[in-house]
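# Structural description and commentary
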Amino acid sequence: MNFRLLPRALACTAICLSFLFHPAQAQDKSDEDSASNNKQTSSAAQKLYSAAKNDLLQIRVLVKNGRTQSSVGSGFMIGQSDLVVTNYHVVSQIALEPEVYVGEFVDTNDQRGTVELLAVDVLHDLAVVRISRRGTGFFQIPEDSAQLPKLNQGQYLYSLGNPLDLGFAISEGAYNGIIGRAFYDQLLFTGSINSGMSGGPNVTPSGALAGVNVAKRTDGELVSFLVPARFVVELLNKVKQQKSIPGNFNEEVGRQLIMHQNLMLDKLLEHPLNNKELGPYMVPVRESEQMRCWGSSNTKEQATYTEDKISCNMESSIYVSGKLQTGHVAISHSFSKSKSLDALRFSIAMSDKFKNQIYAGNKQSNLTGPACTEEFIKNEQLSQLSMRAVICVRAYRKFAGIYDFRLITYSMDQEKEVLQSLLSAKGVSYDNGLRLTRQFLQMIGRKSVIVSNMTPATAMPVKAANGSKQ
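Now for a quick tour of the structure. (Residues numbered from 1 in each chain as written. Predicted model: local features only at pLDDT ≥ 70, side-chain atom pairs only at ≥ 80, totals over all residues. Heavy atoms only, no water.)

## Focus on the sheet that holds strand β24 (residues 445-446)
One open sheet holds the three strands; their spatial order is β13-β14-β24, and the pairing between them is antiparallel. Only two strands of the sheet have a single neighbouring strand rather than two, namely β13 (274-278) and β24. Across five bridges, β13 lies against strand β14 (residues 281-285) in antiparallel orientation. Each bridged residue has a counterpart across the sheet, and for Leu278 the counterpart in β14 is Tyr281. (Pairing = 2+ DSSP bridges. Helix = DSSP H or I, 4+ residues; strand = E, 2+ residues; numbered from the N terminus.)

## Here we look at the pattern of salt bridges
Inspection of the entire model under this criterion finds 18 salt bridges. Here Asp110 and Arg112 are joined by a salt bridge, their closest N and O atoms 3.4 Å apart. The shortest N-O distance in the salt bridge between Lys240 and Glu143 comes to 3.6 Å. Within this pair, whereas Lys240 is found in helix α4 (residues 229-241), its partner Glu143 is found in the loop between β6 (126-130) and β7 (156-161), the two being separated by 97 residues in sequence. Of the two residues, Lys240 and Glu143, neither departs from the other in class, the shared state being exposed. Among the charged side chains, a network of salt bridges with common partners joins Arg60, Glu104, Asp110 and Arg112. (Salt bridge = Lys/Arg side-chain N within 4 Å of Asp/Glu carboxyl O. Buried < 20%, exposed > 50% of the residue type's maximum accessible area, 1.4 Å probe, protein only.)

## Describing unusual backbone geometry
The residue Asp110 is not glycine, and still its phi comes out positive at about 70 degrees. Of the residues examined, Asp110 reaches a relative accessible area of 47% and is grouped as partly exposed. The phi dihedral of Leu164 falls on the positive side, at around 55 degrees, and the residue is not glycine. Topologically, Leu164 is positioned in the loop between β7 and β8 (169-179).

## Observations concerning the packing of aromatic side chains
Describing an aromatic ring pair means giving the distance of the ring centres and the angle of the ring planes. Per the stated rule, a full pass over the model turns up seven aromatic pairs. Between Tyr305 and Phe346, the aromatic rings sit 6.1 Å apart at their centres with planes inclined by 75 degrees, giving edge-to-face as the arrangement. Within this pair, whereas Tyr305 is found in strand β16 (residues 305-314), its partner Phe346 is found in helix α6 (residues 343-358), the two being separated by 41 residues in sequence. Given the relative accessible area of 0%, Phe346 is considered buried. If you follow Arg446 out to its NZ or CZ, it ends over the ring of Tyr281, 4.9 Å from the centre. (Phe/Tyr/Trp six-rings, centres within 6.5 Å; stacked < 30°, edge-to-face > 60°. Lys NZ or Arg CZ within 6 Å of the ring centre and 35° of its normal.)

## Observations concerning the state of the cysteines
Applying the stated criterion to the full structure yields two disulfides. The disulfide bridge from Cys293 ends at Cys312, spanning 2.0 Å between sulfur atoms. Disulfide Cys293 to Cys312: torsion about the S-S bond roughly 105 degrees, handedness right-handed. Taken together, the positions of Cys293 in strand β15 (residues 291-298) and Cys312 in strand β16 put the pair 19 residues apart, joining distant regions of the chain. With respect to class, Cys293 is no different from Cys312; both count as buried. A sulfur-sulfur distance of 2.0 Å marks the disulfide that ties Cys372 to Cys392. Here the S-S torsion is close to 110 degrees, and the disulfide linking Cys372 with Cys392 is therefore right-handed. (Disulfide = S-S within 2.5 Å.)

Below is the structure:
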């Protein structure tokens, strides 16, 4: 609280001093500057909206049976063609369940028509659809991304769309650089983007495309994100080159997810996992631009055991549908030490906690049931550390060759101290899942011993989703 008040107090002092010397001039200049700025920005927004409105669309997803509305987003027409760009997540239901959902557009003149899906880019959250009318030519997209406008931090940008299904609107903000915590670039837009504006254009004051509205942070104010315009150029060029529309978008989505998980695992494992101390143990973590780690501790006096935690999570994931987000890795470690429990009661408490981790999140209908293997293993090269380990694998029903891996370990070398570790890898190939779990197991040990390669744990058998051992 004091930290926030200090700058305000200094600002007030500066203003008061300026009034002592030139009170009338200071007030008049402030009012003039404010009025001038408001007039300029308001005028720019009005001109942009007036020029662009005929090429703005609302994209609606309807349930075929009854034509009831399921979701809404925005889109914009490309040049004088019949092509429209929007977000993949706006039309994901049409892509994955075309037998259940259809698309409809509504323009600013309330003209309506059907939507035909042509292409999707799941990794950058973009899609191209075709409709029954042509654009006026306001949104001109070059064939070469080098011809896109260069953005400078702090410059004004404008997002357009249909927020909350209330009507078409324009929102002003500023460009504040590229976000580096995701696997794929996004632009930081310090302006308002609300639900329903997804897929709408974000433009410079001259009307050149800067990006596409995609998301916002709900735990902050005016923290919004854009898909860079260069990915729009790439997808439109792909549409021009494709000879036919994909007959099954599930296959195309699956192909893109496989491509992403290869990139994700190669990036994650390009260097060995980092080691951190946790109690008497050394545990594997990964700290990078894409993955951040946090710590916590439970030292309450009334607690029967202490618990120190390290949690590492990827900052982003891939949106597939409203029920499925994937392409994500999480690591957590918990070191517990008994304060007042005897060995038996402490063991029971830790075993219950272990079981809860195993069965967490097993009710997703778009994945098969978990196929699990439990082994008692000893890391011969890591101070004879004995562990109980369970690995569970689930296959994606609609996307062949993609799995979720979940590995949980439980140390068994001390009666009143336990290290529990969890590795969760979502949306990976079978080989990459094994590759990651092996490296993870190799790096759990006591801190008195230098971590080196381990043989027994890497030989741990795993049952695939079809029940066969690998």
